[in-house]
Structure formats: C-alpha cells, structure tokens
Amino acid sequence: MFDGGTRPVPVTELKGVGTALALKLERLGIETVQDLLLHLPLRYQDRTRVLPIGSLRPGDEGVLEGHIVASDIVQGRRRSLLCRLQDGTGTITLRFFHFSAAQKNSLAAGKRVRCFGEARPGPAGLELVHPEYRVIAEDAPAVVEACLTPVYPLTEGLTQGRIRALVDQALGWLDKGIVEDLLPETLRVQWKLPELRQSIRYLHQPPVDADQARLLEGRHPAQRRLAFEELLAHHLSLLKIRHSVREQGAPVLKATGHLSLPFLEQLPFELTGAQRRVAREVARDLNMPVPMLRLVQGDVGSGKTVVAALAALQALENGAQAAVMAPTEILAEQHFNNFSQWLEPLGVNVAWLAGKVKGKQRARELERIANGEAQLVVGTHALFQDEVRFANLAVVVIDEQHRFGVHQRLSLREKGRNGSQTPHQLIMTATPIPRTLTMSAYADLDCSIIDELPPGRTPVNTVVIADSRRDEVIERVRGACREGRQAYWVCTLIEESEALQCQAAEVTAEALREALPELRIGLVHGRLKAAEKADIMARFKAAELDLLVATTVIEVGVDVPNASLMIIENPERLGLAQLHQLRGRVGRGSVESFCVLMYHAPLSQQGRERLAVMRESTDGFRIAEKDLELRGPGEVLGTRQTGMMQFRIADLQRDSDLLPRVKRAAGEIEQAPALMEALIARWLGQGADYAHV
Ligand code: ADP
Ligand code: MG
C-alpha cells in the first residue's frame, strides 16, 4: 500500500479534516500526516493521577476531584461564580467569570466534580480560574489518562482537544508504517539513536514517569533523535546544491604566474603564512574542471583582499575574466581603487560598475565587459543584473558575504553561468563565523581560514565607559588629534528610521564641532549621495579631516591606517560581530590604538557581559562564538541568512554538539541519492529546492 513508507499522506485523509481545517493546519506548516506527527508538543500536562487539594502549592497544575460544598454568584469588581471544592484533604475555589445558568446549576452544592487547572493564589486561598471540569457520578471509575497529555502549538480556530484527536489518528497511521526510519542501521546502532517511530510516539504520549524537565529543555533522547535527523536533512539540502553546481563543470585555470608573480613582487609587504596557504588552496581549486565553491574566513584586517586578487589574476592569466562584488558602494569603490592601483601597472584593464554608474559611462562599461576588454570587473550587486553580459567570466569573488542572503548567493551562482560552465566562486566573510554555524549554514562550501594577522599590528585597547563621562572622551579625541592622529566617532543610534539616525548624527557632529573648534570634522551617513560620501572618505584618508563622525556605514572595509582612536556610542545596541568589525577600522597602523565603548547606563547583565567580551578579546573567532552563545544564530549570521535556517525541532545552539555527527552521516548518505531525497522531502517539504531560487 505504501511505496517504501515515505509517501506523503495529505492531512485531508484523516477523518474529520476538510478544507477549512486543512487550511488552519497549513498555517502551522502541517500539510501531511507526516508533518502532523512531527508537530511536537510545547509541553505536557499530568492528568494521570488525582492530586490531594491539601497538597497544592501555587503554580501546581493537575487533576482534582471532590464535592462542591458551596456555590455562589459574587458581585465583586467583576461578577463571578465561585464554587468551593472539597476532597477531605483541603478546599479550593473554582472561579468563573463567564458562565451560563445551566453551568451554575450543574455546579450546585453536593455535586461531585473532576477538574483540571493551575492553582493560583486568590483573595481567600488558592483558586482555579476557569478550570476544565466535568460533573461525575459518585461511583465514577478512577482517573484518568495513561500517559502525559501533550500541549501543542496552536493557531486561531484550532483547539488543543481537536489537535490531540488528530494526532491520535495520525499515530494510528504511524503504526501502519507511513514514517520509515531512513537512517542507516549502522549509524543508528553506533550512535545509539532511538528508533524513529518509537521516538515520535514517545513525544506525543510520554509515559507517566518521563523526565519532564528534560523534555521541556528539548534534550530528551527522543527529541535529539528528531533534531539530529532534521539537521541532517538541512545539511543534505546544501550538499545537493553543491552537487548540482559541481555537475556543471568549470574552466580549468592554470596558475602560470605571469601576472601573479609581478603582482606579488610589487606589493610593499610579504604575504603571511596563512595568506599563502589559503591562496594555494584557492589556486588548486581553480585548476580543476569543477566549479570552486570556497569560503574564506579571516578576521578583520587579516588581508583577504590580496587572496581575492590572486584568484582573479589566475582567471586573467588564462585569458578569462574575473568579477569582484562588494555589498556597498563605498567598499566596492575602495576595492576598485585598490585593484586599479595594483593591477593597472601590470597592464590589466579594470572596469567599475555600480548603481550610480549611469548613462553613457554605464553603456561603455557594459560594452567593455561584454567584449572582454575589461578583464577584471569590480562592483556592487549591479554586476549581476540581467543587462550585464560577460565575455568569458571564470572567477567570481563575493566579499563580505554575510550582507547577502543565502538565496542571493545561490542566485548569483546561476547568473554567472556561462553556457554549460559555471564560474569558480570565492566567498569572503566579513567576520569569522563559529564553526558550528559554518557546518550548518555553509555546508555547500569548502572553507579556508586566514588565522594570522599581518605582522606589526598592535592590538586595539578597548575601554568601556558610561556616557556620563562624555567630556573626558571628548578631551581624549582632542589629545589624539593634537598628536596628528585621526579618530572616528560612530553613532549607533536608537532611532529605527534611517532619516532620524542621520539627523541624530548631524546633531552629534554639530555638538562636537562646537566642543572641538580647532579640529576638522567630517560627517558621513547613509543619506548622503554616494559621491559626497566618497569625497568625505577620501578627505579623511588624505588626512584633510581629523575626526570622522559616522553612522555604521563605515562598518565595512574602510582602511585608514593613521586613524588610531574610535569612539562608539551606545555599543550595547550592536551585535558583537558588528562591534568587532567597527573596531577593526583602527589598529591598522603601527601606533597604539584605542576603542572607547561609551554605553548608556544602566546596562543589563547580558549587556555588561557582552561589552566585557569586547574589552577582553580581540580575537574575532572567539567573539563570534560568544555572540552565538549570548544572542543566537540569527544575530551572528544576520537575519537574511537565517531565512532558510528555520528548524521545527532542532536548535543550532542547543544541538550544536550533534553537528560533527550530522556532517559524518551526511557524507555517508550522500552516496545514496534516493535516501537523501527522502530525508530532504520529509523535513523541508517537497518543494524545497534551494538550487532553483
Ligand atoms: P580584510 O581581511 O579585513 O579584508 P584587507 O585585505 O583589507 O583585510 O587588508 C587590511 C590591510 O592589511 C590592508 O591595508 C592591506 O594592504 C594590508 N595587508 C594585507 N596583507 C598584508 C601582509 N601580509 N602584510 C602587511 N600588510 C598586509
Ligand atoms: Mg575586506
């Protein structure tokens, strides 16, 4: 009857489920009976025994049974029906604000009642407000449920009773075998994972003695079994994308060195060991007939740009084109300037394409890109609009990847396609990403890490100060600038709207100009025209400005080695990764640098902890781990990244210890395409195919 036990059974095959109910279930992400079985309870109630009323403490929840000894309508602030229920060990009040005459009559003195609710303190001892109740016969058989009662996440128009009944039906289908255990027996035995069907049944109907505390935390072996499988399915979906890309084939690029060697020669520095190692990993990938899919991670200032340039040059050495994309115009322009300076002396043609490149200039750049005259193209996401045609694109570099979502990353891959071949791709993150997240969010990529900073950097000293000491901080800026240094003043403001943020930055700049009349002060924020922004940045870089007041637009990439002091206002409002990124703007020269985190009191406990991490560490990897621990994966990866990281059961933080095993299991299952498809379909649905976004 079932083809291998994995055929999805629509919920409408359950008794009593019509279109209306099916729509409600769909709001909970439940379309099939299998989905329903994986819709797990939030918590449980214990209805397996009757509690003695005399033993109840506030907050206790359970079944009570006794006689009504008094029943009155009381006219307090709100009219209510109060019934006194007694069981020989004590008395408790049942309180109803809404009740019918029939209800009042049925709850008359002398009646025997069984009810369920939570005991709360009331004006005259403990009470149950609107308990579930039933009037029972004197000789009614003893209670009750054989196992714990599940409490499910609901949606409007769906009651607990209704969904419990549906799950009961679904468990009948479970016995008929509609959910097959797909994990290879060997792995299940090796890692002592409980059997799938048994786990599902356990979680819907835990026995009386189940460890409820553990269930509530989501750490019960039955839950871990499902979380493991869900993480595995997500991992496999990324591997599937990887396979489909790698099937496409890519141009084999030989490292001839005729451009890269002179390039390295003319750099004013030697590559670090880490840069050399990563560059070698990239060069090896480019020399293969399958598209490179590589993520380069490195702390701020670790020198990722040089590695990108070497990758691009390897394309050029083979007569092909390379594209470098950055998330903002400021950063793209900076790359354009760097690459032009580095590569034009070698006779390389560099083109520039951003949203602001318009009219004739744009037409000319498009023409140069299309006919192959432009060998290297630098730009923003404007690079991947339909009108852009490359003559022979072989390498794509995406910088500061976390600003782009996973889906964007994947669609770029498609756009860069050239006939049957796909360009090699190098993705660079702005800040380090904790290993567990790399393993889950970037499973489709190989990973290289630049784990060494160029020599001669002095670590930034970070101080945490309340904004009540603003005057001292201003004096500090004065002192630094008097010594010929430059400083940043970063406004991270409370206002939601960008307009208000910019306005507030203007106010701050005005106040600083008044307090520091001898300094040349510039202001950049998101509402300035790109040309104005670029002009101010250029003047700061040329030391024509002493102090740069900025919103967080300066976050990425800006490189001014003479700037050795950074003030960050309200740092408590930013993620640690973002703070680290900002702080990376200083400490690029040889003088000692400072970062002042000027918070607004009072700080929460977590706020204090987070700023302390910044003070104590300058290691981006450690900071990212801490951010993950304190704020969760959404904060670390950025909200756009997490779109696809919605788990039903798994929790990346709680279950991170499962990831190494998930990775190993994925490696095995990858060899069995049908199994892989079945797992992906079970957890991500039939339509889930990130390869075609
Ligand atoms: P990030 O990894 O943050 O993108 P960049 O590539 O912008 O870092 O490099 C930061 C600065 O360090 C730049 O000024 C760059 O020229 C310089 N740099 C890169 N590699 C080295 C090196 N091996 N030795 C000295 N300076 C280097
Ligand atoms: Mg960079």
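Residues numbered from 1 in each chain as written. Chains lettered and ligands numbered in written order. Predicted model: local features only at pLDDT ≥ 70, side-chain atom pairs only at ≥ 80, totals over all residues. Heavy atoms only, no water.

### So, the overall build of the protein
Here is step 1 of the chain: Across its full length, the protein holds 25 helices and 22 strands.
Here is step 2 of the chain: Seen through its principal axes, the protein has C-alpha atoms that stretch 100 × 70 × 45 Å.
Here is step 3 of the chain: Relative to its full complement of 693 residues, the protein shows a buried share of 54%.
Here is step 4 of the chain: At a minimum sequence separation of 6, the contacts of the protein that also span at least 24 residues come to 75%.
Here is step 5 of the chain: Split by element, the accessible area of the protein, about 30,500 Å² in all, is 50% carbon and sulfur.
Here is step 6 of the chain: A gap of 2 Å separates the mean positions of the 84 positive and 86 negative side-chain charges of the protein. (Helix = DSSP H or I, 4+ residues; strand = E, 2+ residues; numbered from the N terminus. Buried < 20%, exposed > 50% of the residue type's maximum accessible area, 1.4 Å probe, protein only. Contact = heavy atoms within 4.5 Å. Areas by Shrake-Rupley, 256 points an atom, 1.4 Å probe, with all protein chains shown as cover. Lys, Arg positive; Asp, Glu negative; His and termini not counted. Charge placed at Lys NZ, Arg CZ, Asp CG, Glu CD.)

### Thoughts on the environment of V300
Here is step 1 of the chain: Relative to the helices and strands, V300 resides in the loop between β10 (293-298) and α11 (304-317).
Here is step 2 of the chain: When the C-alpha positions of V300 and L582 are compared, they lie 9.1 Å apart, and in sequence the two are 282 residues distant.
Here is step 3 of the chain: Apart from the residues within four sequence positions on either side, V300 is in contact with A430, L453, H580, Q581, G584, R585 and R588.

### Observations concerning unusual backbone geometry
Glycine aside, the phi torsion of most residues is negative, and most peptide linkages are trans.
Here is step 1 of the chain: Here the bond from A601 into P602 is cis, since omega is -5 degrees, no more than 30 degrees from zero.
Here is step 2 of the chain: Relative to the assigned elements, P602 resides in the loop between β22 (594-599) and α20 (605-616).
Here is step 3 of the chain: At K192, a position not held by glycine, the phi torsion is positive, near 50 degrees.
Here is step 4 of the chain: Topologically, K192 is positioned in the loop between α5 (185-190) and α6 (196-204).
Here is step 5 of the chain: Assessed through its relative accessible area of 71%, K192 is described here as exposed.

### Section: the sheet that holds strand β20 (residues 547-550)
Here is step 1 of the chain: Here 6 strands make up an open sheet; going across it, the order is β17-β22-β21-β18-β20-β19 and the pairing parallel. Each having just a single partner strand, β17 (461-466) and β19 (521-524) make up the two edges of the open sheet. Across this sheet, the average inter-strand angle for adjacent strands is 20 degrees, counted without regard to direction.
Here is step 2 of the chain: As paired strands, strand β18 (residues 486-491) and β20 are joined by 4 bridges and run parallel to one another. Within β20, the position partnered with V490 by the bridge is A550.
Here is step 3 of the chain: Here helix α19 (residues 576-583) sits on the sheet in contact with β17, β18, β21 (563-569) and β22, set at roughly 150 degrees to β21. (Pairing = 2+ DSSP bridges. Axes fitted to C-alpha atoms, helices over the stretch in contact; angles between N-to-C directions.)

### Looking at the packing of helix α10 (residues 273-286) against α11
Here is step 1 of the chain: It is the contact of α10 with α11, at a shortest axis distance of 10 Å, that shows an interaxial angle of 25 degrees. In this view, α10 runs roughly parallel relative to α11, as classed from their interaxial angle. For the element pair α10 and α11, the recorded crossing hand is right-handed. Contacts from Q275, V278, A279, V282, A283 and L286 of α10 reach α11 at V306, V307, L310, A311 and Q314.
Here is step 2 of the chain: Looking at the contact of α10 with α11 residue by residue, the class counts come to 9 nonpolar, 2 polar and no charged. (Parallel < 35°, antiparallel > 145°, perpendicular 65-115°, else oblique. Left-handed = near helix turned anticlockwise from the far one by under 90°. Nonpolar A, V, L, I, M, F, W, Y, C, P; charged D, E, K, R; others polar.)

### Let's talk about the site of ligand 1
Here is step 1 of the chain: Around ligand 1 sit 16 residues, and of these E270, G301, T305, R457 and D559 come closest.
Here is step 2 of the chain: Within the backbone of G301, one N or O atom sits 2.6 Å away from an oxygen atom of ligand 1.
Here is step 3 of the chain: Between ligand 1 and the protein, one listed contact pairs an oxygen atom with a backbone N or O atom of G303 at 3.1 Å. (Near = heavy atom within 4 Å. Polar contact = N/O pair within 3.5 Å; in protein donor to acceptor, adjacent residues only side chain to side chain.)

### Some points on α6
Turn by turn, an α-helix covers 3.6 residues, leaving residues three or four places apart pointing in a common direction.
Here is step 1 of the chain: Buried residues of α6: L196, S199, I200, L203 and H204, and no others. Buried residues of α6, seen end-on, are gathered within an arc of 125 degrees and therefore sit on one face of the element.
Here is step 2 of the chain: Here α6 starts with a cap whose side-chain oxygen sits 3.1 Å from the backbone nitrogen of R197, and that cap is E195. (Arc of directions from axis to C-beta.)

### Let's talk about the confidence of the model for the protein
Here is step 1 of the chain: Residues with a pLDDT of 70 or more make up 91% of the protein, whose mean pLDDT is 88.
Here is step 2 of the chain: Here helix α23 (residues 639-642) is the element of the protein with the lowest mean pLDDT, 44, and α10 is the one with the highest, 97.
Here is step 3 of the chain: This model gives residues 1-5 a pLDDT under 50, and the stretch forms 9 contacts once residues within four places in sequence are excluded.
Here is step 4 of the chain: Note on residues 639-644: pLDDT under 50 across the span, and 19 contacts to partners over four residues away in sequence or across chains. (pLDDT = per-residue confidence, 0-100.)

### Topic: the packing of α19 against α20
Here is step 1 of the chain: At a minimum axis distance of 11 Å, the contact between α19 and α20 shows a crossing angle of 35 degrees. The handedness of the crossing between α19 and α20 comes out as right-handed. Judged by residue contacts, L576, L579, H580 and R583 of α19 engage R610, L611, V613 and M614 from α20.
Here is step 2 of the chain: Here the contact of α19 with α20 is built from residues that sort into 5 nonpolar, 1 polar and 2 charged.

### Considering the side chain of S564
Here is step 1 of the chain: With respect to the helices and strands, S564 occurs in strand β21.
Here is step 2 of the chain: Residue class for S564 comes out buried when judged on its relative accessible area of 2%.
Here is step 3 of the chain: Other than its neighbours up to four places away in sequence, S564 contacts R485, Q486, V586, V591, E592, S593 and F594.

### Things to note about the sheet that holds strand β11 (residues 321-325)
Here is step 1 of the chain: Strand order in the open sheet made by the 7 strands is β12-β13-β11-β14-β15-β10-β16, with parallel pairing throughout. If you trace the sheet from one side to the other, it starts and ends with β12 (350-353) and β16 (446-450), each paired once. Across the sheet, the axes of successive neighbouring strands diverge by a mean angle of 20 degrees, strand direction being ignored.
Here is step 2 of the chain: As paired strands, β10 and β16 are joined by 5 bridges and run parallel to one another. Within the sheet, the bridge partner assigned to R294 lies in β16 and is D446.

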